[in-house]
Amino acid sequence: MEKKEPSWKTLFQITEVLELAALRRDARTNNRLYGSLTFSQSRVCVALIRLLEKRPSGVSLKELAAELEISPGAASELVEELVRKGIVSRTQNENDRRSVSIKFFDNIMAMHKAASREIECTYRKMLKNLTEEERLQWDRLLEKIIQKYSIEKRKD
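The structure displayed is predicted, hence computed values, not measured ones. (Residues numbered from 1 in each chain as written. Predicted model: local features only at pLDDT ≥ 70, side-chain atom pairs only at ≥ 80, totals over all residues. Heavy atoms only, no water.)

A. Here's a closer look at the overall build of the protein. Summing up its helical and strand segments, the protein has seven helices and three strands in all. The 156 residues of the protein split such that 26% are buried. Counting contacts in the protein only where the partners sit at least 6 residues apart, residues at least 24 apart contribute 51% of the total. Accessible surface computed for the protein: about 12,000 Å², of which carbon and sulfur atoms make up 53%. (Helix = DSSP H or I, 4+ residues; strand = E, 2+ residues; numbered from the N terminus. Buried < 20%, exposed > 50% of the residue type's maximum accessible area, 1.4 Å probe, protein only. Contact = heavy atoms within 4.5 Å. Areas by Shrake-Rupley, 256 points an atom, 1.4 Å probe, with all protein chains shown as cover.)

B. Structural view of unusual backbone geometry. The residue E69 is not glycine, and still its phi comes out positive at about 60°. In this structure, E69 sits in the loop between α4 (61-68) and α5 (72-84).

C. A look at a nonpolar patch on the surface. Taken together, the side chains of W8, L11 and F12 define a hydrophobic patch exposed on the protein surface, amounting to about 380 Å² of accessible area. Within the secondary structure, F12 sits in helix α1 (residues 8-24). (Patch = residues over 30% accessible without salt bridge, like charges linked within 9 Å, V, L, I, M, F, W, Y side chains within 5 Å. Salt bridge = Lys/Arg side-chain N within 4 Å of Asp/Glu carboxyl O.)

D. Structural context of the sheet that holds strand β1 (residues 59-60). If you walk across this open sheet you meet the three strands as β1-β3-β2, and the pairing is antiparallel. Each edge of the open sheet is held by one strand with a lone partner, namely β1 and β2 (88-92). Looking at chain direction, β2 and strand β3 (residues 100-104) are connected through five bridges and run antiparallel. Across the sheet, residue T91 finds its bridge partner in β3, namely S101. Each of β2 and β3 touches α5; the most contacted strand, β2, lies at about 115° to it. (Pairing = 2+ DSSP bridges. Axes fitted to C-alpha atoms, helices over the stretch in contact; angles between N-to-C directions.)

E. Just helix α3 (residues 39-54), in detail. With 16 residues, α3 should cover 22 Å at 1.5 Å per step; its first-to-last C-alpha distance of 24 Å lies within 8% of that length. Here α3 has its buried residues at Q41, V44, C45, A47, L48, I49, L51 and L52. (Expected span 1.5 Å × (residues − 1).)

F. Examining helix α6 (residues 106-127) more closely. Over its 22 residues, α6 runs 31 Å from end to end, which matches the ideal 32 Å to within 8%, given 1.5 Å per residue. Looking at α6, one finds that the buried residues are I108, M111, H112, A114, A115, T122 and L127.

G. Region of the structure containing the packing of α3 against α5. It is at 10 Å that the axes of α3 and α5 come closest, and there the two elements cross at 90°. As summarised for this structure, α3 and α5 are arranged roughly perpendicular, according to the angle between their axes. Counting all contacts with α3, which are made through S40, Q41, V44 and C45, the residues of α5 involved are L78, E81 and L82. Partitioned by chemical class, the residues of the contact of α3 with α5 number four nonpolar, two polar and one charged. (Parallel < 35°, antiparallel > 145°, perpendicular 65-115°, else oblique. Nonpolar A, V, L, I, M, F, W, Y, C, P; charged D, E, K, R; others polar.)

H. Highlighting the nonpolar core. By size, the foremost hydrophobic cluster in this structure holds 22 residues, and its most contacted members are L48, L64, L82, I87, V88, I102 and F104. Looking at this core, the elements that each hand over two or more residues are α3, α4, α5 and β3. Of all the elements, α3 adds the most residues to this core, at seven residues. For L48, the contacting residues outside a window of four places in its chain are V59, L64, V88, I102, K103 and F104. (Core = buried A, V, L, I, M, F, W, Y, C linked by side-chain atoms within 4.5 Å.)

I. The packing of α4 against α5, seen in detail. Axis separation between α4 and α5 bottoms out at 9 Å; the angle between their running directions is 105°. In this view, α4 runs roughly perpendicular relative to α5, as classed from their interaxial angle. Taking contact as the criterion, the partners of L61, L64 and A65 in α4 are, on α5, P72, A75, S76 and V79. For the contact of α4 with α5, the residue count by class is six nonpolar, one polar and no charged.

J. Seen up close, the pairing of β3. In the sheet, β1 pairs with β3 via two bridges, with the strands oriented antiparallel. What sits directly across from V59, in β3, is I102.

Structure representation (C-alpha cells):
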C-alpha cells in the first residue's frame, strides 16, 4: 500500500480541531457572534488580533489596510460593518484627529482571550504525542515555512 503524503488538507484538519476547541468554550455566544461574520469580516478580525498584540491601544485604519493588503476605503467599509455588529470600536485618535483607532470592545477581547487559552490547551495536548525533539523540529519547520512564505509574498 502506497503511503500518502500529508497535504494542506492535514493543516486544515489541525486547524479544525483547534477551532472546535475555541467553540467549546461559550459556544452559543461565539456562534452568535462569529457565525454572523462574512469571510472578509473574519479576515479583518484575525488581522486586528495580530496587530493589537503589538499595539493594544488601538490600530489605525492605514495599518489595518496594509496588513490586509486592501485599500483604506475597503478596510473602512469592513470596519464599519464590524462597528454596526458591536464587535469593534472606531474612535478618533487622541494624537492625530485625522486618524481613527480601531480595537475590539472589551467583552469581545475577553472572548478572544478565553478562546485563545482553549486553543493553546488543545494544541499542547496534540503535541504531547511528540517527543521533545519532535516538538522542537515541528516548531522549526513551521517557522521556516512561514518565514520563507513571508519573504516570497513580499517579492510578489
